[in-house]
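Listed below, chain by chain, are the residues.
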Amino acid sequence: MRTDSKLSSILHLLLHMAHSDRPLTSEELAGFLHTNPVLVRRTLAGLRERGYVASEKGHGGGWAVTADLHRVTLRDVYDAVGAPTVFAIGNRVEQPGCLVEQVVNQSLGDALAEAEALLLARFAQVTLAELSERFNAQYPQGGAHHAHPSE
């Protein structure tokens, strides 16, 4: 099963925007992800609705972070991108008639629910400011200019 990289992609874009001294166009942001600008606009629209980013049209326009990075957590962004499924593991049949499979489903379901709750609790503890600070610590001179050395 293919992994869902939407959360990672959006966090990537948010950090680029946070480290830019100007708004970034959908085309520029799409270049960071090697994707289509339409997909970037569609995905960022959900973050705009929550007040995390804003966009302006025209010359000098583009996308910019408007939220306080100290107040927005990974969990907030996770929710904003539609709370994608955390695990690819799942039950073979959701409503099995077999008693053995019912026990298997219950055991797997309980363990996965506990693991997901721990992960989401951790997401709620990490702010975008912390990610930004980690980036700045690793790339102190020039920040975002070193993020994509091939560009």
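Here's a quick rundown of the structure. Model, not experiment: these values are computed from the prediction. (Residues numbered from 1 in each chain as written. Predicted model: local features only at pLDDT ≥ 70, side-chain atom pairs only at ≥ 80, totals over all residues. Heavy atoms only, no water.)

**Quick look at the packing of helix α1 (residues 6-18) against helix α6 (residues 128-138)**
To characterise two packed helices, one gives the angle between the axes of the helices and the distance between these axes. Relative orientation of the contacting elements α1 and α6 amounts to 70°, with a least axis distance of 10 Å. By the angle between their directions, the pair α1 and α6 is classed as roughly perpendicular. Taken as a pair, α1 and α6 cross one another with a handedness that is right-handed. Together, L11, L14 and L15 of α1 and L128, L131 and S132 of α6 make up the contact between the two elements. Looking at the contact of α1 with α6 residue by residue, the classes come out as five nonpolar, one polar and no charged. (Axes fitted to C-alpha atoms, helices over the stretch in contact; angles between N-to-C directions. Helix = DSSP H or I, 4+ residues; strand = E, 2+ residues; numbered from the N terminus. Parallel < 35°, antiparallel > 145°, perpendicular 65-115°, else oblique. Left-handed = near helix turned anticlockwise from the far one by under 90°. Contact = heavy atoms within 4.5 Å. Nonpolar A, V, L, I, M, F, W, Y, C, P; charged D, E, K, R; others polar.)

**A few points about the nonpolar core**
One finds I10, L14, M17, L29, L47, V77 and L128 to be the most contacted residues of the largest nonpolar core, which totals 31 residues. Within the residue set of this core, elements represented by two or more residues are α1, α2 (26-33), α3 (37-49), α4 (74-80), α5 (99-123) and α6. Take this core: its biggest share by element is seven residues, from α1. Those residues in contact with I10 that sit more than four places away from it in its chain are T43, L44, L47, V77 and V81. (Core = buried A, V, L, I, M, F, W, Y, C linked by side-chain atoms within 4.5 Å. Buried < 20%, exposed > 50% of the residue type's maximum accessible area, 1.4 Å probe, protein only.)

**What about the side chain of E101?**
Mapped onto the secondary structure, E101 falls in helix α5. Engagement of the side chain of E101 in a polar contact is seen with the side chain of R92, the distance being 2.8 Å. When residues no more than four places from it in sequence are discounted, the contact partners of E101 are R92, V93 and P96. (Polar contact = N/O pair within 3.5 Å; in protein donor to acceptor, adjacent residues only side chain to side chain.)

**Some details on unusual backbone geometry**
Positive phi is not limited to glycine here, since H34 has a value of about 55°. With respect to the element layout, H34 can be found in the loop between α2 and α3. Since its relative accessible area comes to 71%, H34 is described here as exposed. A positive phi is found at A83, a non-glycine position, where the angle reads about 45°. Residue position: A83 is located in the loop between α4 and α5. A83 sits in the partly exposed class, given a relative accessible area of 37%.

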